[in-house]
Amino acid sequence: VTLRRAGGEESQHALQVPGSAFPGSGRRLQTIPFNDREQEGFYTLIVPPTGPRTRHTTAVFQLDPPPHPYLEQRDLAWGAFHWFNSAAYPNAHQQDTKAQLFESDQTRDVSGGWYDAGDYGRYSVNGAWSVALPLMTWLIQPDALPGEIAPIHAPTEGRPAVLDLAKQELDFLIKMQREDGAVYHKVASAEWPGLDETPQADDRVKTIMPISSTATADFSAVMYLAARAFGQSPLPADRALAEHYRRAADRAYRFLQAYPDLIMIEDRYDNLEYGGPYTDPDDTDERLWTAIARHGFSNEPLSDDLYRQLWDLSGTERMGDAVPDWRHVNFLALFSYLSIPQADPLRKDALLTRIERGFAPLREAQLQNPYGLMYAGEGEEFDWGSNGVIATVGTQLLWLHHLTGNEEWYRAAYDMSHWFFGLNPHGKTWTVGARSYQINHPHFRPMVSGAVDNPEGLLAGGPNSVGLKGDMAAQPLFSLAPMRVYVDDQESWATNEVAINWQAAWASYLSMLTAR
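Residues numbered from 1 in each chain as written. Predicted model: local features only at pLDDT ≥ 70, side-chain atom pairs only at ≥ 80, totals over all residues. Heavy atoms only, no water.

### A short note on empty space enclosed by the protein
It is the rolling of a water-molecule-sized probe over the atoms that shows where space remains empty.
Okay, step 1: For the coordinates displayed, the defined rule picks out two cavities of 30 Å³ or more.
Okay, step 2: Surrounding the largest cavity, D119, Y120, G121, Y123, A188, S189, E191, W192, P193, D202, K206 and G275 form its lining.
Okay, step 3: Its boundaries defined by the atoms lining it, the second largest cavity holds a volume of some 50 Å³.
Okay, step 4: Every residue along the wall of the second largest cavity is listed here: S314, T316, E317, R318, M319, I355, G358, F359 and L362.
Okay, step 5: The dominant element in the lining of the second largest cavity, judged by the number of residues it contributes, is helix α9 (residues 345–367), at four residues.
Okay, step 6: Tallied by class, the residues present in the lining of the second largest cavity amount to four nonpolar, three polar and two charged. (1 Å grid on protein atoms, 1.4 Å probe; cavity = no way out; pocket = protein on both sides within 12 Å on 5 of 7 lines; lining within 4 Å. Points joined across faces, edges and corners; volume = space filled by probe spheres on them. Helix = DSSP H or I, 4+ residues; strand = E, 2+ residues; numbered from the N terminus. Nonpolar A, V, L, I, M, F, W, Y, C, P; charged D, E, K, R; others polar.)

Right, here's the structure in full:
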């Protein structure tokens, strides 16, 4: 094949198609190295016919140095949170001001916050996780975050933009806390609204489901992070708000201390789902996270027991998380400690060294991956919301790069970025937009119903080879290689849904990636 730069410079590359397929995509692949192409500009790749079943092919692409091509995408990623906010749709979900407590005649105002995903339910565990990533990024490298987010509902002058955004969900989470400190797991209607129902048309009664220990622990941890972050805001009112968040975190923490056993809701009640279950059989990682987050307000050394737990995790594959998501938050416990300024520097350095050693074999495998990925699920699988997993791993690597100064981790994170912009078996840019190579038909009720036309910047969940949960649009693809189980179809909630958790990872990842 020939690679021609605009202006006439050419180089030749020999192609030899391998005999076996790459297991992730099920395709035989040959990569062409462009690492020596340091000059910016347009290039044309020319592939001649190689047999009776092929034809002459050309492709034109532009080479820009990082991070500039991604700055626009970063801003779109943050601005897209606006379309998860019920305030973006006038008079939507007024019934949330009088949501019904489960099996009770009492009501409670739980209005505000973000729609969790393509539906109109809201879930404390996922909401807390989705705020945690931006707050952690703020605490680790505040200058990585954009100075302005547009559109954003009712911004407060003088408040850092990402804190302004986070406050939308934090205020909702505060409403989900019970007087004794426990936190309700979720609020949703008993049955799913139609895919074509606008936010204004969905007038179903919202039910506040029982408390859980995971919701309470996630709430407590993220409120401690919020207290630290808002305590650094230049606004006096935000410093008072920081104390409010801290008191809420303390109440939740005391509840967890009083009830050390797992408290979890059911997947269904009388065969009704009440939205996604978000159940979790293990709350030890959530409890560890909140204990570490609470340490951010202590001048005492971390207890030997808690440090031993962090030490063990730092030497475990993937920091003890099968995949980093709302159910697996060991990595948040580790990085919460590493973000505490007053933490013991020797202990922090020791943990960072162990974490780097854990990433080293993953990096070696990544360099052999033709798509530049480290992992997107367990083993060779692609998890539900695989794009969120990839973006979260990228965020971890960039946090690690900032904390250690080791450029290898920035390169590892950057290598994964190409997956999101076409280096995948579908040739997709995984964000919602009007172009043919973008996501045109996401599973997102406000868009399907016509309440919003083109919510640019929202990230689709991506390939999902672990379980479709009745997704008939993707079902015919389930026997294919993991990367291939994806369809740009509004009916595919298992592969093409948008959600706040992978949106938070995506926006945080792009922010750190462009902070050069």
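### Examining the sheet that holds strand β5 (residues 99–101)
Okay, step 1: The sheet built from five strands is open, its strands ordered β6-β5-β9-β8-β7 with mixed pairing. Looking at the sheet topology across the chains shown, the edges are occupied by β6 (107–108) and β7 (122–123).
Okay, step 2: For β5 and β6, the ladder comprises two bridges, and the chain directions are antiparallel. Considered in β6, the bridge of A99 is made with R108. (Pairing = 2+ DSSP bridges.)

### Points about the layout of surface pockets
Okay, step 1: Space inside the second largest pocket adds up to approximately 1,100 Å³.
Okay, step 2: Taken together, 38 residues line the second largest pocket, and the ones lying closest to its centre are G276, P277, Y278, W384 and K469.
Okay, step 3: Looking at the lining of the second largest pocket, the elements with two or more residues in it are α10 (386–404) and α13 (500–513).
Okay, step 4: Residue composition of the lining of the second largest pocket, grouped by class: 16 nonpolar, nine polar and 13 charged.

### Some points on the pattern of salt bridges
Okay, step 1: Summed over all chains, the structure comprises 20 salt bridges.
Okay, step 2: For the salt bridge of R178 with D180, the shortest nitrogen-to-oxygen distance reads 2.7 Å.
Okay, step 3: A residue is classified by how much of its surface remains accessible, and R178, at 25% relative accessible area, is partly exposed.
Okay, step 4: The partner of D283 in a salt bridge is R287, and the shortest N-O contact between them spans 2.9 Å.
Okay, step 5: The buried category is assigned to R287, whose relative accessible area is 17%.
Okay, step 6: Connected through salt bridges with shared partners, the residues R363, E408, R411 and D415 form a single ionic network. (Salt bridge = Lys/Arg side-chain N within 4 Å of Asp/Glu carboxyl O. Buried < 20%, exposed > 50% of the residue type's maximum accessible area, 1.4 Å probe, protein only.)

### Description of the packing of aromatic side chains
Okay, step 1: Summed over the entire model, instances satisfying the criterion amount to 30 aromatic pairs.
Okay, step 2: Note on F22 and Y371: the rings are 5.8 Å apart at their centroids and 50° apart in plane angle, and the pair reads as tilted. With F22 in the loop between β2 (10–12) and β3 (41–47) and Y371 in the loop between α9 and α10, the pair connects residues that are 349 residues apart, well separated along the chain.
Okay, step 3: Residue classification places F22 among the buried positions, given a relative accessible area of 18%.
Okay, step 4: Judged by its relative accessible area of 6%, Y371 falls in the buried class. (Phe/Tyr/Trp six-rings, centres within 6.5 Å; stacked < 30°, edge-to-face > 60°.)

### What about the pairing of strand β1 (residues 2–5)?
Residues in a regular strand point their side chains to alternate faces of the sheet.
Okay, step 1: In this structure, β1 lies alongside β3, joined through four bridges in antiparallel fashion. Bridged to T2 within β3 is I46.
Okay, step 2: As defined by bridge partners, β1 adjoins β2 across three bridges and the pair is classed as antiparallel. In the strand pairing of β2, T2 is matched with Q12.

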